[in-house]
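Inside the fold
Next come the chains, spelled out residue by residue.
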Amino acid sequence: MAGAYERRTRESARLFARARKVFAGGVNHNARFYEPYPIFVRRAEGSKVWDEDGNAYTDYWMGHMALILGHSPEVVVAALASQLSHGTHYGMPSRLSVELGEEVSRSVPCAEMTRFCNTGAEATMYLVRLARAYTRKRVVVKMAGGWHGYNTELNKGVHSPFDRAESAGIVADEQAHVLTARFNDLASAEDAVRRAEGDAAAILLEPVLGAGGCIPADSDYLRGLRELADRKSIVLAFDEVITGFRVALGGAQEMYGVEPDLATLGKIVGGGLPIGLVCGGREIVSLADPARRRDFVSIGGGTFSENPMTMTAGLATLRYLRRNAGSVYPRLERMGGKLRRGVDAEFSARGVQTFTSGVGSLFLTHFGRKPRNAEEAAAEDKEASHSYALHLMSRGAFLLPGHAGGVSTAHSESDIDTLVRLSGEFADGRRKKEDGDAGPRRSRASHPRRTS
Ligand SMILES: Cc1ncc(COP(=O)(O)O)c(C=O)c1O
């Protein structure tokens, strides 16, 4: 018998059946696949998306957390509408990209210089190349659970058991110079640097572990990594594709007061259009200057890099954020905190152990105890997390199963109140089901592997 989700999403089911014929698994990003099938979106505005069956959802996934101003914010739509009549793609430099580059430098502490590309995956690939060329060393130390996009070398140790390639088709040689350390554990990073035997070029991490469980780093840990990197002449690199312009205008590096040598950003910087960027100190990033005769680091291809539509949407977004930073970030922090505390209180009142992790506007409800790293996050009850997301979707709130969410400026207090209430309702439903069940439950749901 069809459940509540299937009953209200019949057109999505039909589209999924068609999609499976033309796309492997019916999707074009693995994270978008979940059982029984994803909803297919027709329209989005503010905090809401509407699916092909006409159902409205308050969206907490927000385009992989790229949409800090919500869907189709007026300030971005108006700028894009005016840019449309000036051209959608130049393949040549423009004033727009200079202004967006300046905007990034103005806000992000480490960003003396920047290179734009189209995705976060490209940006992290460029970052690794710059760090290796600068240090003349090879090994990248990344964190277990660290997700840096579909970049071959860094597709290692993202999911449990955290010690291998994430995909068939990647040969071990391609990841021979990537070592994995435990997040929030300085001794583990020191050990990885020791194992690199003087060949460590970079320590690369997300200051708030994203796909690995939406877990903020401890301040002491980040400071310890900074000291370790300085002591051993290693590049400290932050992947701020999620945290950039989200946890503060200057990203996690501003929030923690720890400046990396290099950083990657993406998502929010594109204002809802595709982008990635690598930035950092002049001494390192200028190695990518094509006029250099020696030691030129060849990064920055991309037919669509610095395309004027993305630059326009990004400029409108970043300017809005800078002008309104004094109100936007405190509000997001307050709403995020209310959501995290509210959801956990609903579960706790019904005897269900959860911990909603995150910082600022980011959140992820773990069905288990507070995790400090990806290993601990992986041990939680995945079946509960999947059922929770489906319950929310069946009642008009969208969270991608097992993934973090992000509150935007378009969300209202009542959006948050509704999510909190639905969480309590889910806990009630589970208790009833458990009371009625004989023996342990077995889940048939397959759980998507978390990426962002
Ligand atoms: C921390 C982090 N780095 C890199 C990426 C890759 O970005 P993209 O999906 O634009 O390639 C992501 C994507 O979610 C991410 O969360």
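Criteria and cut-off values
- Here, residues in each chain are numbered from 1, in the same order as that chain's written sequence.
- Given that this is a predicted model, residues contribute local features only at a pLDDT of at least 70 and side-chain atom pairs are listed and counted only at 80 or more, while totals for whole chains, interfaces and linings are drawn from all residues.
- Working from all heavy atoms in the structure, the side-chain values ignore hydrogens and water.
- Where helices and strands are cited, they refer to DSSP runs of H or I of at least four residues and of E of at least two residues respectively, numbered from the N terminus.
- To sort residues, take the accessible area from a 1.4 Å probe on protein chains only and compare it with the maximum for the residue type: under 20% means buried, over 50% means exposed, and anything in between is partly exposed.
- Pairs of residues are marked as contacts when any of their non-hydrogen atoms sit within 4.5 Å.
- Only the protein chains shown count as cover for residues, and the accessible areas themselves come from Shrake-Rupley with a 1.4 Å probe.
- For this analysis, a nonpolar core means a set of buried residues of the types Ala, Val, Leu, Ile, Met, Phe, Trp, Tyr and Cys, connected via side-chain atoms within 4.5 Å.
- Domain limits in this description derive from either an automatic procedure or a database domain assignment.
- Salt bridge, as applied in this entry: a Lys or Arg side-chain nitrogen positioned within 4 Å of an Asp or Glu carboxyl oxygen.
- Pairs of strands are assigned from DSSP output, requiring at least two bridges between the strands.
- For every residue, the predictor states its confidence as a pLDDT score lying anywhere from 0 to 100.
- The directions considered for the arc are those from the helix axis to the C-beta atoms.
- Any N or O atom pair separated by 3.5 Å or less is treated as a polar contact, with the protein-specific requirement of one donor-capable and one acceptor-capable atom, and with residues adjacent in sequence counted only for side-chain atom pairs.
- In these notes, residues near a molecule or strand are those with any non-hydrogen atom within 4 Å of it.
- Under the grouping applied here, Gly and all other residues not named as nonpolar or charged are polar, the nonpolar ones being Ala, Val, Leu, Ile, Met, Phe, Trp, Tyr, Cys and Pro and the charged ones Asp, Glu, Lys and Arg.

**So, the overall build of the protein**
A count of helical and extended segments in the protein gives 15 helices and 16 strands. When the backbone C-alpha atoms are referred to their principal axes, the protein occupies close to 70 × 55 × 45 Å. Within the protein, the proportion of its 452 residues that are buried is 56%. Intrachain contacts of the protein at a sequence separation of at least 6 include 71% that bridge at least 24 residues. Of the roughly 19,500 Å² of accessible surface on the protein, 50% is carried by carbon and sulfur atoms.

**A closer look at the nonpolar core**
Ranked by size, the top nonpolar core spans 57 residues in total, and within it I203, L205, L222 and L225 carry the most contacts. Of all the elements, helix α8 (residues 219-231) adds the most residues to this core, at five residues. Looking at this core, you find at least three residues from each of domain 1 (4-71 + 326-436) and domain 2 (74-323). For I203, the contacting residues outside a window of four places in its chain are V141, M143, V193, L225, L228, I234, V235, L236 and A237. The next biggest cluster of nonpolar side chains, apart from the first, holds 45 residues, and it includes L100, L249, A325 and L392.

**Notes on the pattern of salt bridges**
Per the stated rule, a full pass over the model turns up 32 salt bridges. Salt-bridge contacts for R340 lead to E333; the nearest nitrogen and oxygen are separated by 3.8 Å. In this structure, E383 engages R430 in a salt bridge whose closest nitrogen and oxygen atoms are separated by 3.2 Å. Of this pair, E383 sits in helix α14 (residues 382-394) while R430 sits in helix α15 (residues 413-436), and the two are 47 residues apart along the sequence. Shared partners join several salt bridges into a network, and the residues in it are E99, E103, R319 and R322.

**A short note on the pairing of strand β6 (residues 178-181)**
Here β6 shows no split at all, with V178 and T180 on one side and L179 and A181 on the other all buried. Two elements, strand β5 (residues 139-143) and β6, share four bridges in a ladder whose sense is parallel. Looking at β6, one finds that K142 is bridged to T180.

**Regarding unusual backbone geometry**
Along the chain, E35 connects to P36 via a cis peptide bond; the corresponding omega equals 5°. Among the secondary structure elements, P36 is positioned in the loop between α2 (10-22) and β1 (41-45). The linkage connecting S160 with the following residue, P161, adopts the cis geometry, with an omega of 10°. Looking at the secondary structure, you find P161 in the loop between β5 and β6. Backbone geometry places R136, a non-glycine residue, at a positive phi of 55°. You can see R136 is positioned in the loop between α6 (120-135) and β5. Overall, the relative accessible area of 62% leaves R136 in the exposed class. Here N184, not a glycine, exhibits a phi torsion of approximately 65°, which is positive. Looking at the secondary structure, you find N184 in the loop between β6 and α7 (186-195).

**Comments concerning the sheet that holds strand β16 (residues 405-406)**
The strand order β13-β14-β16 describes an open sheet built from three strands, whose pairing is antiparallel. Where the open sheet ends on each side, the last strands, each with one partner, are β13 (355-357) and β16. As defined by bridge partners, strand β14 (residues 362-366) adjoins β16 across two bridges and the pair is classed as antiparallel. Looking across to β16, one finds that L362 is bridged to G406.

**A short note on the confidence of the model for the protein**
Per-residue pLDDT for the protein averages 95, and the proportion of residues at 70 or more is 97%. Across the protein, the secondary-structure element scoring lowest on mean pLDDT is α15, at 90, and the one scoring highest is strand β10 (residues 235-239), at 99. In the model, residues 439-445 has pLDDT below 50 throughout and makes eight contacts with residues more than four positions away in sequence or in other chains.

**A few points about α7**
Taken as a whole, α7 has its buried residues at S188, A189, A192 and V193. Each buried residue of α7 lies within a common arc of 140° when the element is viewed along its axis, so the set occupies one face. Buried residues along α7 sit against β5, β6, β7 (200-205) and α8. Here α7 starts with a cap whose side-chain oxygen sits 3.2 Å from the backbone nitrogen of A187, and that cap is D185. Following α7 by one or two positions, E197 has its phi on the positive side, about 50°.

**Focus: the site of the ligand**
All residues in the neighbourhood of the ligand are listed as T119, G120, A121, W147, H148, G149, E206, D239, V241, I242, K267 and S452. Note that an oxygen atom of the ligand is positioned 2.8 Å from one of the backbone N or O atoms of G120. In this structure, a nitrogen atom belonging to the ligand sits 2.6 Å away from a side-chain N or O atom of D239. Protein chains shield 87% of the accessible area of the ligand, which is 390 Å² for the free molecule. Looking at the shell around the ligand residue by residue, the classes come out as four nonpolar, five polar and three charged.

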